[in-house]
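Report on the structure
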Amino acid sequence: MRRTDVTSIGRAVDLTYPTNRAVAVVMFLVTIGGLIWRRLSGFPWLASARWGAQAGLTVFLAWALCRELDPDHPASAFAAAGLSLIGVLVWALPRLAVILWLLILLRVVNRTTGLPAGVADSLGLVGLAGWLSLQGNWGYAVLTAIALFLDSRLPDPAWRQLPFALLSAVVAVIAFASGSESAAEAPSLTGGLVALGLSLVFLPIILASGSVESVGDETGQRLAPARVRAAQILALLAGAEVAFMEGPGALATLGPLWASVLGASFTWLYNTLTCLRSSS
């Protein structure tokens, strides 16, 4: 059975590529290092192993997210991985379920595999968004509905996404009506403004994405700039929504996203200054 028989948006980490081998090594080292560090800090073996595994996965997901947000520059993904590790050490581990939701969301919209999301992909995304929404923030289902609707309207539209978009909207209404207060805090203007401020540094990358050189993993065809830009904007919108609805502390919830935003921005700035220096 091929991977595409199960999911059309899953991206394999081919270890024949040096960059993929490098991130696998980094993930392993962070996992082992995290385990040892927590154990030396007095935590039990099992808790230390769990924390190390989550830290390693956080670094990998930051790398993977940045590959979706800035597909033309692999170096920015490693900058994101490094920044996410700093975030884990300084603040806290993110909510990995939220990061997974965002990663799937972006792949549905930008189609970095080159293939449209399958029925199982869309159902899984709606299900995950519904589970997150019922914990207190119905915005996850709203953003999922927007992503699925965009997938039905952007270049090479997948019209079958419209029923899934409607289903996600219904889930959002149910989550809102349930009034769950298990996770979300009162809306925070401060959190939203901080997220918007962080988003501003990503504007050059969005503007530069009018031309994309990367190709789909499965098709070899160049990615559609409109889809890449839509995914970038949707990611920033998700970051701002979570920070606004769940408070400033929720910035750590999407720590890998902000690490990706800053990693891509720093890489763009470095490349720009290098070009200016070489031309002068």
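Use the structure listed above.
In short, a report on the structure.

Conventions used here
For every chain, the first residue of the written sequence is number 1, and numbering continues from 1 onward in sequence order. Thresholds applied to this predicted model are a pLDDT of at least 70 for local features of residues and 80 or more for the giving and counting of side-chain atom pairs; totals over whole chains, interfaces and linings are not thresholded and use all residues. Here the side-chain values reflect all heavy atoms present in the structure, with hydrogen atoms and water set aside. Lines fitted to C-alpha atoms define the axes here, with helix axes fitted over just the stretch in contact, and angles between the N-to-C directions of these axes take values from 0 to 180 degrees. Here a helix means four or more residues in a row that DSSP labels H or I, a strand means two or more in a row labelled E, and each is numbered from the N terminus. Should an angle fall under 35 degrees it is taken as roughly parallel, and over 145 as roughly antiparallel, whereas 65 to 115 is taken as roughly perpendicular and any remaining angle as oblique. The contact criterion used is simple: two residues touch if any of their non-hydrogen atoms lie within 4.5 Å. Three residue categories are used. Nonpolar comprises Ala, Val, Leu, Ile, Met, Phe, Trp, Tyr, Cys and Pro, charged comprises Asp, Glu, Lys and Arg, and polar comprises the others, including Gly. Note on exposure labels: buried denotes an accessible area under 20% of the residue type's maximum, exposed denotes more than 50%, and partly exposed covers the range between, all computed with a 1.4 Å probe on protein chains only. Within this document, salt bridges are pairs made up of a side-chain nitrogen of Lys or Arg and a carboxyl oxygen of Asp or Glu, the two lying within 4 Å of each other. Disulfides are defined as pairs of cysteine sulfur atoms found within 2.5 Å of each other. A 3.5 Å cut-off defines polar contacts: any pair of N or O atoms within that distance qualifies, except that in protein one atom must be a possible hydrogen donor and the other a possible acceptor, and neighbouring residues in sequence count only when both atoms are side-chain atoms.

**Considerations on the packing of helix 5 (residues 119–133) against helix 6 (residues 139–151)**
Interhelical geometry of helix 5 versus helix 6 gives an angle of 155° and a closest axis separation of 8 Å. Taken together, helix 5 and helix 6 sit at an angle that is classed as roughly antiparallel. Taken together, the residues of helix 6 that come into contact with helix 5 (itself represented by Ser122, Leu125, Val126, Ala129, Leu132 and Ser133) are Tyr140, Ala141, Thr144 and Leu148. Here the contact of helix 5 with helix 6 is built from residues that sort into seven nonpolar, three polar and no charged.

**What to know about unusual backbone geometry**
With phi around 55°, Arg111 is a residue other than glycine that occupies positive phi space. Mapped onto the fold, Arg111 is located in the loop between helix 4 (96–110) and helix 5. For Asp156, which is not a glycine, the phi torsion comes out positive at approximately 55°. As for its position among the elements, Asp156 is in the loop between helix 6 and helix 7 (161–178). Judged by relative accessible area, Asp156 falls into the exposed class, the value being 56%.

**What about the pattern of salt bridges?**
Applying the stated rule across the entire model yields eight salt bridges. Of the charged contacts, one joins Arg111 and Asp151 as a salt bridge, the two residues approaching to 2.9 Å between their closest N and O atoms. Taken as a pair, Arg111 in the loop between helix 4 and helix 5 and Asp151 in helix 6 lie far apart in primary sequence, 40 residues in all. The burial state of Arg111 is the same as that of Asp151; both residues are buried. What emerges from the salt-bridge pattern is a single network uniting Arg11, Glu68, Arg107 and Asp217.

**Focus on the state of the cysteines**
Applying the stated criterion across every chain, the model contains zero disulfides. Among the cysteines around Cys66, which has no disulfide bond, Cys275 carries the closest sulfur, lying 18 Å off.

**What about the environment of Ser265?**
Relative to the elements of secondary structure, Ser265 occurs in helix 11 (residues 255–279). On the basis of relative accessibility, which here comes to 7%, the residue Ser265 falls in the buried class. In sequence terms Ser265 and Gly118 are 147 residues apart; their C-alpha atoms lie 32 Å from each other. Leaving out residues up to four positions away in the same chain, Ser265 has contacts with Val201, Phe202 and Ile205. A distance of 2.7 Å separates a polar atom in the side chain of Ser265 from the backbone oxygen of Val261.

So yeah, pure geometry; function would need other evidence.
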